[in-house]
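# Inside the fold
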Protein chains: 2
Amino acid sequence: MKKSTVPAADDRLPLYQRVRDDMLARISSGEWQTTAAIPTEGELTKHYGVAMGTLRKAIDTLVADGMLERSQGRGTFIRRPSFDASLFRFFRHQMRGGKHQVPRSRILNRTLTTPPVAVAAALHLLKKSQAIRIDRLRLVDDKPVLLEEIWLPQTEFAALMKIAPADFPDLLYPLYETLCGKVIASAEETLTVDSAGSHDAELMGIQAGQPVVVIERLALGFDRHPLEWCRSRGPAEDFRYQVEIR
Amino acid sequence: MKKSTVPAADDRLPLYQRVRDDMLARISSGEWQTTAAIPTEGELTKHYGVAMGTLRKAIDTLVADGMLERSQGRGTFIRRPSFDASLFRFFRHQMRGGKHQVPRSRILNRTLTTPPVAVAAALHLLKKSQAIRIDRLRLVDDKPVLLEEIWLPQTEFAALMKIAPADFPDLLYPLYETLCGKVIASAEETLTVDSAGSHDAELMGIQAGQPVVVIERLALGFDRHPLEWCRSRGPAEDFRYQVEIR
DNA sequence: TAGTGGTCTAGACCACCGC
DNA sequence: CGGTGGTCTAGACCACTAC
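Within each chain, residues carry numbers counting from 1 in the order of the written sequence. Labels are handed out in written order, letters beginning with A for the chains and numbers beginning with 1 for the ligands. Residues qualify for local features only when their pLDDT is at least 70, as the model is predicted, and side-chain atom pairs are given and counted only at 80 or more; totals for whole chains, interfaces and linings, by contrast, use all residues. Only heavy atoms go into the side-chain values, all of them from the structure, while hydrogens and water stay out.

By the criteria applied, helices consist of DSSP H or I runs no shorter than four residues and strands consist of E runs no shorter than two, each listed in order from the N terminus. Per the secondary structure count, chain A includes 8 helices and 11 strands. Here's how the labels work: a residue is buried when its accessible area is under 20% of the maximum for its type, exposed when over 50%, partly exposed in between, all with a 1.4 Å probe on protein chains only. When burial is assessed residue by residue, chain A has 44% of its 246 residues classed as buried. Whether two residues touch is decided by their heavy atoms; if any such pair falls within 4.5 Å, the residues are in contact. Excluding contacts between residues fewer than 6 apart, the proportion of contacts in chain A whose partners are at least 24 apart in sequence is 58%. The Shrake-Rupley method, run with a 1.4 Å probe sphere, supplies the accessible areas, and residue values consider only the shown protein chains as cover. Surface exposure of chain A reaches about 13,000 Å², of which carbon and sulfur atoms provide 50%.

The following block contains the structure:
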């Protein structure tokens, strides 16, 4: 039998899982660029010393988990989830002429400070470490739909403190990638309903005490380490969310 | 080459997809019992005249889609999604001693009548056909958490009109299966926020005008034909929903 | 122990893509 | 056209379950 060159983190694990883990590490570490195709199946079978079927099973699981995308005849690519689209799942009134619009952003505040304990815990921060806080308002057709409070570990996102708040683009995730080399791969969201405080109500153009939807999101990298914590509030009136259950 | 015995709905489709389609038809039609294991891989490869790898790929897709469950050493089984658990994803205050409780049910009303057009359309009903409407209240610790308005096609669920409302169990889906032979395989839900009308508010023990979460569910069979339409309302205060995005 | 699904191999040929 | 992923085969051996 040919000697396997798969890193043997745990010999008891099936081959295809060890291959999968190694490929995932290459994706997380940035060893494979997100713009080009990853090595071909033939190259990877040679590299790992496994059969095509085994390699394909490893890739299959990564595709199923949303890390990779195959394209017949072109190659296999690292996939970034389109979180813009996930925003659209939440709110109505975001169509114009049958097309979704990306909500406009207005940065209200950006500071370096000590986060609340709950945020620090979610981001796995050490006690008293500092974090970047960004507050911004998101608008569709100049109407406020979402008020966001974003927290980022200072150690990994320091570059964000060096650009002027006015120069922030509407979408932050591409900025995280180009400026800080951090790719958001997945996120966990929790939805609840609350009533608007007077300050929030004024910013969102509703009456204090009116119901608002609260979305708490923890965004993770490919290695499932937390990168961003965000709490968004929006008028409940505009809210709509769709799921499929199986 | 051995002649394939796979029903050739469309010769252009890959073999494993044709096998998958035929297996799905057997699941939907009830030809395979939901209690026992389906035929073994060896039997199925013989029956369809395909290689093991091809058959496994067909089964893999059905497992991925939540139709089947494999259990090493025991067999492969038809899977019913646990919709009870899906209810728990929605509301807090449903734990007692670390364990989930199934909400109690109180049937308020059960009639045979003509459904609103939106419901009739969702259920693919012909014009003026009748449907069964069930209203019920769901309670946790004797506290109302959900008010449900359920619509079912009369043709398929006639058996439900023959038992006394008081004899309805807390969970309806097992009843659909045993009494009507209908298995719910998946559902699509849409969440919005509204304010309570005076009648609903009284039933739920809250004040009129307080925010309520509205969940509209369309439940489907294995063949993806609509079987049940349900609109639930519950106090927004108790609402919590979690999702993972990828 | 017999039977199940789980893993793995080493090929073959096909369909699609970009040049 | 050459290279990519997509489909398919016909086996082998392993791990788990039930009896």
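Near residues are defined by distance, with any heavy atom within 4 Å of the molecule or strand qualifying the residue. Of all residues adjacent to DNA strand D, which total 20 residues, the nearest are A:Arg70, A:Gln72, B:Leu15, B:Thr54 and B:Gln72. For DNA strand D, the backbone makes up 81% of the atoms found within 4 Å of the protein, where backbone means sugar plus phosphate. Contacts described as polar in this section are N or O atom pairs within 3.5 Å, which, within protein, must combine one atom able to donate a hydrogen with one able to accept it, while residues neighboring in sequence count only if both atoms come from side chains. In this structure, B:Lys57 approaches DNA strand D through a side-chain N or O atom, which is 3.1 Å from a phosphate oxygen. Measuring from a sugar or linking oxygen of DNA strand D, one finds a side-chain N or O atom of B:Gln72 at 2.7 Å. At the level of secondary structure, the elements contributing two or more residues to the surface near DNA strand D comprise β1 (68–71) and β2 (75–78) of chain A together with α1 (15–29) and α3 (52–64) of chain B. Here the element with the most residues in the surface near DNA strand D is α3(B); it accounts for 3 residues. For the surface near DNA strand D, a count of residues per class yields 5 nonpolar, 10 polar and 5 charged. Just so you know the grouping, Ala, Val, Leu, Ile, Met, Phe, Trp, Tyr, Cys and Pro go in nonpolar, Asp, Glu, Lys and Arg go in charged, and all remaining residues, Gly too, go in polar.

On to the protein's contact with DNA strand C. What surrounds DNA strand C is a group of 20 residues, the closest being A:Leu15, A:Thr54, A:Gln72, B:Arg70 and B:Gln72. Across the atoms of DNA strand C situated within 4 Å of the protein, the share located in sugar and phosphate is 82%. Take B:Arg70: an N or O atom from its side chain is 2.7 Å from a phosphate oxygen of DNA strand C. Counting residues per element, the ones that place at least two in the surface near DNA strand C are α1 (15–29) and α3 (52–64) of chain A together with β1 (68–71) and β2 (75–78) of chain B. Here the surface near DNA strand C takes 3 residues from α3(A), the largest share from any one element. The class makeup of the residues in the surface near DNA strand C is 5 nonpolar, 10 polar and 5 charged.

A word on the packing of aromatic side chains. Residues and elements named next belong to chain A. Whether two aromatic rings pair depends on their centres lying within 6.5 Å, for rings of Phe, Tyr and Trp, where Trp uses its six-membered ring; planes under 30 degrees apart make the pair stacked, over 60 edge-to-face, and the rest tilted. Applying the stated criterion across every chain, the model contains 5 aromatic pairs over all chains. When the centroid spacing of 5.3 Å and the interplanar angle of 35 degrees are considered together, the rings of tyrosine 173 and tyrosine 176 count as tilted. Remark: tyrosine 176 and tyrosine 173 occur in helix α7 (residues 173–180); sequence separation between them is 3 residues, near one turn of the helix. Assigned by exposure class, tyrosine 173 and tyrosine 176 land together as buried. Every member of this aromatic cluster is reached through a ring pair, and the members are Phe157, Tyr173 and Tyr176. Counted as over-ring charges are cases with an Arg CZ or a Lys NZ within 6 Å of the ring centre that also lie within 35 degrees of the ring normal. Positioned above the aromatic ring of tyrosine 16, the side-chain terminus of lysine 57 is 4.8 Å from the ring centre.

As a further point, take the sheet that holds strand β7 (residues 143–153) of chain B. Strands pair, by our definition, only if DSSP identifies at least two bridges between them. Reading across the sheet, the 7 strands line up as β11(A)-β8(B)-β9(B)-β10(B)-β7(B)-β6(B)-β5(B) and stay open at both edges, with antiparallel pairing between neighbours. Two strands in the sheet have a free side with no partner beyond their single neighbour: β11 (240–245) of chain A together with β5 (104–113) of chain B. If you compare each strand with its neighbour and ignore which way they point, the axes differ by 15 degrees on average. Two elements, β11(A) and strand β8 (residues 186–195) of chain B, share 6 bridges in a ladder whose sense is antiparallel. Residue pairing for β8(B): A:Gln242 is matched across the bridge by B:Thr190. Convention adopted: a line fitted to C-alpha atoms gives each axis, helices being fitted over their contacting stretch, and angles between N-to-C directions are expressed from 0 to 180 degrees.

Once chain A has been moved 0.0 Å along the axis and rotated by 180 degrees, it coincides with chain B to within an RMSD of 0.0 Å. The symmetry that links the two subunits is that of a two-fold axis. Among all residues of chain A, the one whose C-alpha sits closest to the rotation axis is A:Pro211, at a distance of 3.3 Å. Mapped onto chain B, 100% of the interface residues of chain A again fall at the interface, so both copies present the same surface. Our superposition of the copies is a least-squares fit, built on the C-alpha atoms of residues whose pLDDT is at least 70 in both.

Our next topic: the interface of chain A and chain B. Tallying the contact residues gives 28 residues for chain A and 28 residues for chain B. Here's the idea: put two parts together, see how much 1.4 Å probe accessible area each one loses, and the total over both is what we call buried area. When the area that chain A buries against chain B is broken down by residue, the three leading residues are A:Val193, A:Ile245 and A:Arg246, summing to 28%. Salt bridge, as applied in this entry: a Lys or Arg side-chain nitrogen positioned within 4 Å of an Asp or Glu carboxyl oxygen. Counting the contacts that link chain A with chain B gives 2 salt bridges. A:Arg224 is the partner of B:Glu244 in a salt bridge, and the nearest nitrogen-oxygen pair spans 3.3 Å. On the surface where chain A and chain B come into contact, there are 5 residue pairs in polar contact (both at pLDDT 80 or more).

Residue and element names in this part refer to chain A. Close contact between α1 and α3 brings their axes to 8 Å; oriented N to C, the two are set at 55 degrees. The pairing of α1 with α3 is recorded here as oblique in orientation. Remark: the crossing between α1 and α3 carries right-handed chirality. Judged by residue contacts, Leu15, Tyr16, Val19, Arg20, Met23 and Leu24 of α1 engage Thr54, Leu55, Lys57, Ala58, Ile59, Thr61 and Leu62 from α3. Each angle gets one of four labels, with under 35 degrees taken as roughly parallel, over 145 as roughly antiparallel, 65 to 115 as roughly perpendicular, and the rest as oblique. The hand of a helix crossing depends on one turn: near helix anticlockwise from the far one by less than a right angle means left-handed, and clockwise means right-handed.

Quick look at the UniProt feature "domain: HTH gntR-type" (unreviewed entry) in chain A now. UniProt positions are given in the numbering used here, feature names are shortened, and annotations may be inferred rather than shown by experiment. Per the UniProt record, the feature "domain: HTH gntR-type" (unreviewed entry) sits at residues 13–81 of chain A. Counting secondary structure, residues 13–81 of chain A comes out at 52% helix and 12% strand; the distance between its end C-alpha atoms is 28 Å.

All names here are of chain A. When we look at burial in α7, the residues that qualify are Tyr173, Leu175, Tyr176 and Cys180. One side of α7 holds all its buried residues, which, seen down the axis, span an arc of 155 degrees. Backbone geometry just after α7 places glycine 181 at a positive phi near 70 degrees. This arc describes the spread of directions from the helix axis toward the C-beta atoms.

On to the sheet that holds strand β8 (residues 186–195) of chain A, then. If you trace the 7 strands from one edge of the open sheet to the other, you get β5(A)-β6(A)-β7(A)-β10(A)-β9(A)-β8(A)-β11(B), paired in antiparallel fashion. Whereas interior strands pair on both sides, the edge strands pair on one side only; in this sheet they are β5 (104–113) of chain A together with β11 (240–245) of chain B. With strand direction ignored, the average angle separating the axes of adjacent strands in the sheet is 15 degrees.

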